[in-house]
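# Fold and contact review
Listed below, chain by chain, are the residues.
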Amino acid sequence: MAGPTRRQWFQAALPAAALLASCKSVDKGARGSVTVQEFGKLPNGETAQLFILKNRNGIETAITNYGGIIVTLKTYDARGLLADVALGFETLDGYLRPHPYFGAIIGRYGNRIGKARFTLDGVTYTLAKNDGENSLHGGVEGFDKKLWKARTEAGPGSQTLVLSYTSPDGEEGYPGTLQTEVRYTLSDDDSFRIDYLATTDKKTVVNLTNHTYFNLKGQGNGDILDHEIQINASRFTPVDEGLIPTGELRPVEGTPFDFRKPARIGARIDADDEQIRRGRGYDHNFVLDREGEGLSLAARVIEPSTGRGLEVWTTEPGMQFYTGNFLDGSLVGKGGKAYPRRSGFCLETQHFPDSPNQPAFPSTVLEPGKEYRSATVWKFITAQPKK
Ligand code: BGC
């Protein structure tokens, strides 16, 4: 059966997302702002900074140029209460210790590359195996662990943090010097946009994303199983035991992966299903039902008790939906909160995992003289809370 049209998809969403006129009090004269402070020192003595972007309505995010990590993200619920919806740490030290990519920019290649190698023009490139046999999220020292150059830009109705990093030829095994820019823009229309831009001096592969873990009840407030999610995808990429795509684009119809109508994340997360068992829950790339070239609505999530919601729009063909199955409560985050299993979810907009080894998938190859461009928008919304 063909997937729903855009219109049917929106209609299906209406009961969950009967969007409220926000009841927060907005000071018409208020303006957005950016402030900067020191976040901490890296082992090599360099200083990481923390940039605090605020929009005129009071939505606020704090981002460090270490890993481009989104440290806090405060959004409104239906009653006008702000909560920090991003998992993470209060200090730089938290991010310097091992953690599962909280809030970070992921590069050069978001997600997995099978057997940690790929071949371009007859040359085989070998990457570090940091996930069993495979390479995950750019390797041992990916973009999440780099100190990025930072500057800010203020536009009419928006605040932007521009981060840049030059990855040397051969870094983590990848060919080509990669000039990378990531722009984070918080706007007065309550959207947060991420623009990725890269160029290379040798043929290479690129797949950049952001690894924020959301909990729309507020970070540290239990699991995310009651959140209702709708994903605009009629197919997904099933995986083998090592979470590498088999190459198939499988219809979601009749599987626990069918989120074309809103459903509780927890409803089928432990279903008797081979793919669910392999991911220990959801840890899969969805093939988005895109329309056109530009930003297309990929997902909508509503937390029913607060009415706090999020839409994800992207130019990418895929999105990894990961339900924090490997979180185990051992990390202590902001406010001394523990992060148990499934206490956050990620919506990682991306090209499909292992594309460099899957000729039928959309290509992740970047050639000299060409530009890699990708954009994702998180739109903060509210819906009538369910009691
Ligand atoms: C992957 C998970 C992994 C997590 C943290 C996600 O993007 O899909 O398998 O455990 O990142 O590393």
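Per chain, residues are indexed from 1 in the order of the written sequence. Totals for whole chains, interfaces and linings use every residue, but because this is a predicted model, local features are given only for residues with pLDDT of at least 70 and side-chain atom pairs only at 80 or more, for both listing and counting. Only hydrogens and water are set aside when side-chain values are computed; all heavy atoms of the structure are taken into account.

Y184, F192, I231, F321, F345, L347 and W378 are the most contacted members of the largest nonpolar core, which has 56 residues in total. It only takes one pair of heavy atoms within 4.5 Å for two residues to be counted as in contact. Beyond its immediate stretch of four places on either side in the chain, W378 contacts I70, L73, D190, S191, F192, I194, N210, T212, F214, L310, E311 and V312. In this structure, A48, L50, L92 and Y95 belong to the second largest nonpolar core, which totals 20 residues. To qualify as a nonpolar core, a set must consist of buried Ala, Val, Leu, Ile, Met, Phe, Trp, Tyr and Cys residues joined through side-chain atoms within 4.5 Å. The classification of residues rests on relative accessible area computed with a 1.4 Å probe and restricted to protein chains. Under 20% of the type maximum is buried, over 50% is exposed, and intermediate values are partly exposed.

Glancing now at the environment of V205. Strands here mean DSSP runs of E at least two residues long; helices mean DSSP runs of H or I at least four residues long; both are numbered from the N terminus. Relative to the assigned elements, V205 resides in strand β15 (residues 204-205). Separated by 89 residues in the primary sequence, V205 and A116 place their C-alpha atoms 13 Å from one another. With residues up to four places along the chain from it excluded, the contact list for V205 reads R108, Y109, F118, Y174, P356, T364 and V365.

Note on terminology: near, applied to a residue and a molecule or strand, indicates that one of the residue's heavy atoms is within 4 Å of it. Close contacts around the ligand come from P100, Y101, R112, L136, H137, H211, Y213, D283, Q320, Y322, F326 and E348, and that covers them all. By the criterion applied in these results, polar contacts are pairs of N or O atoms within 3.5 Å in which, for protein atoms, one can donate a hydrogen and the other can accept it, and in which residues neighboring in sequence qualify only through two side-chain atoms. Between D283 and the ligand, the recorded distance is 2.5 Å, taken from a side-chain N or O atom to an oxygen atom. In the environment of the ligand, an oxygen atom lies 2.7 Å from a nitrogen or oxygen atom belonging to the side chain of E348. A 1.4 Å probe and the Shrake-Rupley method give the accessible areas. Residues count as covered only by the protein chains that appear here. Notes on the ligand: free accessible area 310 Å², of which the protein chains cover 93%. For cavity detection a 1 Å grid was placed over the protein atoms alone, and a set of points counts as a cavity when a 1.4 Å probe fits there but cannot get out; an open set counts as a pocket when protein lies on both sides within 12 Å along at least five of seven lines, with lining residues being those that have an atom within 4 Å of a point. To be counted as sitting in a cavity or pocket, a molecule needs more than half of its atoms within 2 Å of that site's grid points. The pocket occupied by the ligand, as judged from atoms lying within 2 Å of grid points, is the largest pocket. Polar here means any residue other than Ala, Val, Leu, Ile, Met, Phe, Trp, Tyr, Cys and Pro, which are nonpolar, and Asp, Glu, Lys and Arg, which are charged; Gly is therefore polar. Across the shell around the ligand, the residue classes tally to 6 nonpolar, 3 polar and 3 charged.

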